[in-house]
Amino acid sequence: FINKTGTISIKKTISVVGNWIRNSGTLDALTDTSCMAFCNGTRNIVGKDKFYIICFYAVGAGTNTIPETDTVTVMNNLVFAGNSRLNINTGTIKAKGNIYISNNFTTNNGNGWIHICGEGNQNVYGHTYADLRSGSLCNINIDKPSGTLYLSNKITLVTSSTNYYYWKYTRGIVNAGNSTVTMNGNYGSLLSVNGSNSMVFNNVTFLSGTPAIDTDLTLSGTLTLNGSLNTNGYTIKLGGNFYNAGTFNNTGSTVIFNGTNNQYITGTTSTLFHNLSVNKQSGRLFLNYPTTVVGTLTLTKGLIVASSTNYLKINDNATVSGASDLSYVAGPVWKVGDDAFTFPLGDTTLSTPYHPFSITAPTGATSSYTAQYYARNQLTDHPTFTSLAPTLKSISTCEYWSLTRNVGTSTVAPTLSWNGNSCNINAFTDIRVGSWSGSQWSDLGQAAVTGNSGVGTVKANSAGPNTNNQYYVIAEGVPTLPVAKYTTSGVKTLAPTVEWSKSYGGSGVEDAHD
């Protein structure tokens, strides 16, 4: 307790086990680079003082309360150490230098604020314990007018079960390094007062409770979810992996995968994204758990790798935008609903890999289909699929599509596509959609053809089979030829064309008579 006129100077280290209260006089704790060590116990820290070093050292439970109207400033190092509870209640600590975290207690909390606001370079050296809950702090506000803030190791925020706690970004350059920022407990929030002008995190973990993001969030590393995260419609740009072992409340948000290495959607539960976007300069996005899009899937650059177990599902009324040779899905895509839909399919082994597959609208919002493209001869997977309908001359030997009806009884008409990797593209008038009927490749005809010999589509003239497991190929129909006839005047004309079929002995031409 200080209550005097004049100046009191602090030299070396002073350990405080009770209250620190200065209500008059002047304190000089900077000239001799002193250290104030606040040890275990409950105390009040009163007075708007500047210290050179403060160490909160808890070898027994400690609670440090700063009046809400007071601000304590640390010009050099701010240290959190010890192995017991260490709470910072109310008030503000302005950190002008480095912050060191070595306390290993797992349930620290408090409603105070640490303002990181130095003009020069600063470091936050987080803890290195395996338990992410260790060394947890109160609220943090980054408000640097100049210099760079460097983060390293593990930095955790936690508070009581009834009060919000924040990692708040106001301004300044932040280098997240190898850090992992963890929000532990209910009502945690990542907040930026400058909207999209926010910091870039490395790894972020929402460890428990019902945290939220109140700003667009950018990570160069991994986002880990164990609690129930509310996204509040903001955008998450992710350079690393998405690990979901909790609940992802997408609420109109967009998640953009933009890392330059392979990325993974993984965890212990499936994830429903509102909008999911892939815009990767290199690497692929692998689905290690079933993934669903309820809004829009945007494929700009980079491909998604799915499997029969870890599939990509597009819900009813959800859409796909931007698919191309630069961005598509390698593996099965599952579509739910009564929408006409183009499956953004492709194969990684091809130089022009994008081979979309479309269906007409099924009946019923619960109808669902799964489609997949295969860049190989269908006989490789189905060696008995050899018989052709009489109206088909040949089928493609380099690619085919599968369509599985998961739910419903609708029949749909498919549209197939080709590009430079396709085969069996000859005369446009002879291009057909072939469908396996169970005993032969049936001719679904040609309702429409688009494109040219290098890239195009063919739509079936009729629906596919009323079966759950369907297979489609680009086929070539038996060509049509003109038939020579004589008129009554003896002039030879070309009669309307007839199909080349067994009914004409395979010759395709009627006998002409004088």
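Up top you'll find the structure we're talking about.
What counts as what
Residues numbered from 1 in each chain as written. Predicted model: local features only at pLDDT ≥ 70, side-chain atom pairs only at ≥ 80, totals over all residues. Heavy atoms only, no water. Helix = DSSP H or I, 4+ residues; strand = E, 2+ residues; numbered from the N terminus. Buried < 20%, exposed > 50% of the residue type's maximum accessible area, 1.4 Å probe, protein only. Contact = heavy atoms within 4.5 Å. Areas by Shrake-Rupley, 256 points an atom, 1.4 Å probe, with all protein chains shown as cover. Pairing = 2+ DSSP bridges. Axes fitted to C-alpha atoms, helices over the stretch in contact; angles between N-to-C directions. Core = buried A, V, L, I, M, F, W, Y, C linked by side-chain atoms within 4.5 Å. Phe/Tyr/Trp six-rings, centres within 6.5 Å; stacked < 30°, edge-to-face > 60°.

This brings us to the overall build of the protein. The helix and strand inventory of the protein stands at one helix and 55 strands. Buried residues in the protein amount to 50% of all 514 residues. In the protein, of all internal contacts separated by at least 6 residues, the share reaching a separation of at least 24 is 46%. For the protein, the exposed surface amounts to about 21,100 Å²; the carbon and sulfur share of it is 49%.

Two modes of strand pairing occur in sheets, parallel and antiparallel, and in both the strands are linked by backbone hydrogen bonds. The strand order β22-β25-β28-β31-β34-β37-β40 describes an open sheet built from seven strands, whose pairing is parallel. The open sheet terminates on both sides in strands that have one partner only, identified here as β22 (200-201) and β40 (319-321). Strand direction decides the pairing type here: strand β28 (residues 235-238) and strand β31 (residues 254-257), joined by four bridges, are parallel. Counterpart to T235 in the pairing with β31 is T254.

Spatial ordering of the open sheet is given by β43-β44-β48-β52-β51, a layout of five strands whose pairing is antiparallel. Each edge of the open sheet is held by one strand with a lone partner, namely β43 (341-343) and β51 (448-451). Pairwise comparison of adjacent strand axes, ignoring direction, gives a mean angle of 15 degrees for this sheet. Pairing of strand β44 (residues 357-359) with strand β48 (residues 414-418), which is carried by two bridges, proceeds in the antiparallel orientation.

Here we take up the nonpolar core. Grouped together as the largest cluster of nonpolar side chains are 95 residues, with contacts concentrated most on F56, L78, F80, I114, W167, F343 and F357. Here F56 is in contact with F38, I45, N64, L78, V79, F80, A81, L86, I88 and I93, once residues within four sequence places are set aside. In this structure, F385, A389, L392 and W436 belong to the second largest nonpolar core, which totals eleven residues.

So, on to the environment of T429. As for its position among the elements, T429 is in the loop between β48 and β49 (431-436). The exposure class of T429 is exposed, given its relative accessible area of 60%. Sequence separation of T429 and E476 is 47 residues, and the distance between their C-alpha atoms is 9.1 Å.

Tracing the backbone shows T148 in strand β17 (residues 139-152). Apart from residues lying up to four places away in sequence, T148 is in contact with G120, N121, Q122, I173 and N175.

Here we take up the packing of aromatic side chains. This structure, assessed with the given rule, holds 24 aromatic pairs. With a centroid separation of 5.9 Å and an interplanar angle of 55 degrees, the aromatic rings of W167 and F201 are classed as tilted. Residue W167 is located in strand β19 (residues 165-175), and its partner F201 is located in strand β22; the two are separated by 34 residues in the primary sequence. Both residues of the pair, W167 and F201, belong to the buried class. Aromatic pair Y373 and W401: ring centres 5.3 Å apart, planes at 55 degrees, arrangement tilted. Of this pair, Y373 sits in strand β45 (residues 368-374) while W401 sits in strand β47 (residues 400-407); the two residues are 28 residues apart in sequence, bridging distant segments of the chain. For the pair Y373 and W401, a shared accessibility class is recorded, and that class is buried.

Keep in mind that these numbers describe shape and distance, not what the molecule does.
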